[in-house]
Amino acid sequence: MLLDAPKELRLAALHWLAESDPVLKSAGVIALAQAWKKGEIDLEVDTSLTTLQPIPGHPQLPELVSHLSVPRRSMRTEEGRAALIHALTHIEFNAINLALDAIWRFPEMPREYYYDWLKVAAEEARHFSLLSAHLGTKGYAYGDFAAHNGLWDMVEKTTDDILARMALVPRTMEARGLDASPPLRAKLAQAGDIAAAEIIDIILADEIGHVLIGNRWFNWICETRGLEPIATYASLAEIYKAPTLRGPFNIEARRAAGFSENELMTLMAVK
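Residues numbered from 1 in each chain as written. Predicted model: local features only at pLDDT ≥ 70, side-chain atom pairs only at ≥ 80, totals over all residues. Heavy atoms only, no water.

Enquirer: Help me understand the packing of aromatic side chains in this model?
Expert: When we look at a pair of aromatic rings, we describe it by the centre distance and by the angle of the planes. Counted according to the given criterion, the structure contains 8 aromatic pairs. Residues Phe93 and Phe128 carry aromatic rings whose centres are separated by 6.0 Å and whose planes lie at 50 degrees to one another, so their mutual orientation is tilted. Taken together, the residues Phe93 in helix α3 (residues 78-105) and Phe128 in helix α4 (residues 111-137) connect sequence positions 35 residues apart. Here the two residues Phe93 and Phe128 agree in accessibility, since each one is buried. Relative to Phe145, the ring of Tyr140 has its centre 5.2 Å away and its plane inclined at 35 degrees; by these criteria the two rings are tilted. (Phe/Tyr/Trp six-rings, centres within 6.5 Å; stacked < 30°, edge-to-face > 60°. Helix = DSSP H or I, 4+ residues; strand = E, 2+ residues; numbered from the N terminus. Buried < 20%, exposed > 50% of the residue type's maximum accessible area, 1.4 Å probe, protein only.)

Shown next as structure tokens:
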């Protein structure tokens, strides 16, 4: 791990969350996970942390715009395919930040909660690195296209309640990626970008685990608070104006990610 980073996990997570250089951020998070495995990092679960630093740290580019303002480009062009890879790269950059935010922001959770989200952060950093490198093979770099911050917007909405965070970020926003991955992979493969399709395979396999972690802690918090999970999720989705779920759904991946059969039946009834 880089020498200037704290040696306590939640402080280190905040440190890398504030880092604006995406390459340094991703390398630092991977190094943090490695240092944790070596027993070089402490963990203080009881401390409530605050920060005056602007978070998340992000580079000057890409320009952040409304999702309605992101230009649509044809997959039949090299630029269009690069723009799609760039969009995925930006999603993974935001995913690093959301995992780090889950670590530093919420105290008094079981130690396993923090281990889980560190694992997520390191895997998202790997995804970012893979996609960024692939983007480079097309003659582009992260920041060359405009991007939107829809994923981080939901992180900001749920800063005050860990239950809402677990319900609406991994179980909703990230779970949408489980549904989107198979058609996206097919589209890339059909366009001849087999390397990108193989990266999507890696991301999907890991994202199932990430959504599973979200489900694990959502259900754990519901149990500790004496709440019924399905009704609680519906209430939170309405309160926080979560995106409306629309199919088709990747039922197999969602089942592997820990959604209950009752939840899956509800999804399958969605038109």
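Enquirer: Looking at this model, I keep getting lost on a negative patch on the surface. Mind explaining?
Expert: On the surface, Asp42, Glu44, Asp46 and Glu108 cluster together into a patch of negative charge. Relative to the helices and strands, Glu108 is located in the loop between α3 and α4. (Patch = residues over 30% accessible without salt bridge, like charges linked within 9 Å, V, L, I, M, F, W, Y side chains within 5 Å. Areas by Shrake-Rupley, 256 points an atom, 1.4 Å probe, with all protein chains shown as cover. Salt bridge = Lys/Arg side-chain N within 4 Å of Asp/Glu carboxyl O. Lys, Arg positive; Asp, Glu negative; His and termini not counted. Charge placed at Lys NZ, Arg CZ, Asp CG, Glu CD.)

Enquirer: Where do I start with the pattern of salt bridges in this structure?
Expert: Opposite charge on two side chains lets them pair, provided their charged atoms get close. As enumerated under the stated definition, the model contains 13 salt bridges in all. For Asp206, the salt bridge is made with Arg126, and the minimal N-O distance between the two is 3.9 Å. One end of the pair, Asp206, is in helix α7 (residues 194-225); the other, Arg126, is in helix α4, and 80 residues separate them in sequence. Under the relative-accessibility criterion, Arg126 is labelled partly exposed at 40%. The partner of Lys138 in a salt bridge is Asp193, with the nearest N and O atoms 2.8 Å apart. Residue Lys138 is found in the loop between α4 and α5 (150-157), and its partner Asp193 is found in the loop between α6 (162-190) and α7; the two are separated by 55 residues along the sequence. By the burial criterion, Lys138 is buried, and Asp193 matches it. Through salt bridges with shared partners, a single ionic network connects Glu78, Arg81, Lys138 and Asp193.

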